[in-house]
Amino acid sequence: MQPTIIDITGIGPAAVETLDEHDIKSLADLASASVEEVSAVPGFSEAGATRAIAAATELLVEEGETQPSEGEVEEAGEKDKIAGKGKKGKKGKKGKKGKKGKKGKKGKKGKKGKKGKK
């Protein structure tokens, strides 16, 4: 089964209907639309439009419906940077749990120091 616009994460039936009203009826229409065109659709910010266009392009490439040209690949990379996606993606960033606070480091030393003074 071929993917459709509703297969994009964050786009539901209402958004599909609104896009349809603005002549964006297929993944190919969305992938070829500019950020300005999509962000002009009610409910789409510039960042949301960028993510939707990139996702539509990715779905089309996965299905083999289109092979992006070198310029499109570079453009998609720029879109990812704008949308906050880099080469590392979400997994490359450390969360709060990966870092120890001051208390975590000094807590052990503080206990040893107190015991040694007794």
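Residues numbered from 1 in each chain as written. Predicted model: local features only at pLDDT ≥ 70, side-chain atom pairs only at ≥ 80, totals over all residues. Heavy atoms only, no water.

Within the protein, the regular secondary structure consists of 6 helices and 0 strands. Going residue by residue from the N terminus, the α and β elements of the protein occur as α-α-α-α-α-α. For the protein, long-range pairs separated by at least 24 residues make up 43% of all intrachain contacts whose partners lie at least 6 apart in sequence. (Helix = DSSP H or I, 4+ residues; strand = E, 2+ residues; numbered from the N terminus. Contact = heavy atoms within 4.5 Å.)

One pass over the structure, following the stated rule, counts 1 salt bridge. The partner of lysine 25 in a salt bridge is aspartate 20, and the shortest N-O contact between them spans 3.2 Å. (Salt bridge = Lys/Arg side-chain N within 4 Å of Asp/Glu carboxyl O.)

Counting residues in hydrophobic clusters, the biggest one holds 20 residues, and the most contacted among them are Leu30, Val38 and Phe44. Listed by contribution, the elements that provide at least two residues to this core are helix H1 (13–21), helix H2 (27–32), helix H3 (35–39) and helix H4 (46–62). Element by element, the count of residues in this core is highest for H4, at 6 residues. For phenylalanine 44, the contacting residues outside a window of four places in its chain are Ile11, Ala15, Leu19, Val38, Ser39, Ala49 and Ala52. (Core = buried A, V, L, I, M, F, W, Y, C linked by side-chain atoms within 4.5 Å. Buried < 20%, exposed > 50% of the residue type's maximum accessible area, 1.4 Å probe, protein only.)

Next up on the list: the confidence of the model for the protein. This prediction gives the protein a mean pLDDT of 74; 54% of its residues lie at or above 70. Across residues 68–74 the pLDDT falls below 50, and counting only partners more than four positions away or on other chains, this stretch makes 3 contacts in the model. For the stretch residues 85–96, pLDDT sits under 50, and the model shows 2 contacts to residues farther than four places along the chain or on other chains. (pLDDT = per-residue confidence, 0-100.)

Here we come to the environment of alanine 49. Assignment of secondary structure puts alanine 49 in helix H4. Residue class for alanine 49 comes out buried when judged on its relative accessible area of 0%. The sequence separation of alanine 49 and glutamate 37 amounts to 12 residues, and the corresponding C-alpha distance is 8.5 Å. Among all residues touching alanine 49, those that are not within four sequence positions of it are Val35, Val38, Ser39 and Phe44.

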